[in-house]
Amino acid sequence: MNTEEFKANLDAIATECLAVRVRMLSRVVTKIYDEELRPLHLKASQMNILVAAAKMGVARPVALCELLHLDVSTLSRNVERMRQRGWLEVVPEAEDARAQPFRLTAEGRTLLQQAVPRWKEAQEKTRRMLGDGVVNLLGKTFKQLQRAKTAS
């Protein structure tokens, strides 16, 4: 590859890379939610885990990782922090002690109840920033990705 071609490729990556654009969008949106949740000492990523655990009743790490597209080490690190804060508790499992399923504690439920109004505010700020067209497109895109994942 000659120098001009290399420079052209760098320019294309810098201005067109979908991975970079999606990651930047993710960071901007996450910052809005994290700022709203900060007074509760809660991050958006942690809230997602708490909500999933609340919905599942007893959350199994492998299933939660698949659901939230997390790697095991990220989930494990977050669950440990939230367990130390009293938001989650490990549920002993006779079948496989290594699986370490967990559930929301009463303290975690209270935290989620306090977080809901702040989440709604972050949701509205994000909706205003992106506009309804982009929000609707994101919803359609997510559904399309879910269908593609199910089909494969």
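Residues numbered from 1 in each chain as written. Predicted model: local features only at pLDDT ≥ 70, side-chain atom pairs only at ≥ 80, totals over all residues. Heavy atoms only, no water.

K.L.:
I would appreciate a short explanation of the pattern of salt bridges in the present structure.
P.N.:
Evaluation of the coordinates by the stated rule reveals five salt bridges. For Glu 36, the salt bridge goes to Lys 125, with nearest N and O atoms at 2.5 Å. One end of the pair, Glu 36, is in helix α2 (residues 18-37); the other, Lys 125, is in helix α6 (residues 106-130), and 89 residues separate them in sequence. For Glu 36, a relative accessible area of 12% corresponds to the buried category. For Lys 125, a relative accessible area of 34% gives the class partly exposed. The closest approach of N and O atoms between Glu 80 and Arg 83, which form a salt bridge, is 2.6 Å. With a gap of three residues between them, Glu 80 and Arg 83 both fall in helix α5 (residues 72-84), about one helical turn apart. Take Glu 80: its relative accessible area is 32%, and that puts it in the partly exposed class. Taking relative accessible area as the criterion, Arg 83 reaches 35% and is therefore assigned partly exposed. (Salt bridge = Lys/Arg side-chain N within 4 Å of Asp/Glu carboxyl O. Helix = DSSP H or I, 4+ residues; strand = E, 2+ residues; numbered from the N terminus. Buried < 20%, exposed > 50% of the residue type's maximum accessible area, 1.4 Å probe, protein only.)

K.L.:
I'm lost on α5 in this one. Help?
P.N.:
Along an α-helix, residues three or four positions apart point the same way, because every turn accommodates 3.6 residues. Given a rise of 1.5 Å per residue, 13 residues ought to cover 18 Å, and the 18 Å separating the end C-alpha atoms of α5 matches this to within 8%. If you check which residues of α5 are buried, you get Thr 74, Leu 75, Asn 78, Val 79 and Met 82. Viewed along the axis of α5, the buried residues span an arc of 125°, placing them on a single side of the element. For α5, the exposed residues lying more than 90 degrees away from the buried face are Val 72 and Gln 84. Structurally, α5 contributes buried residues whose contacts are with α3 (44-56), α4 (61-68), β1 (88-90) and β2 (102-104). The positive-phi residue at the C-terminal boundary of α5 is Gly 86, with phi of around 85°. (Expected span 1.5 Å × (residues − 1). Arc of directions from axis to C-beta. Contact = heavy atoms within 4.5 Å.)

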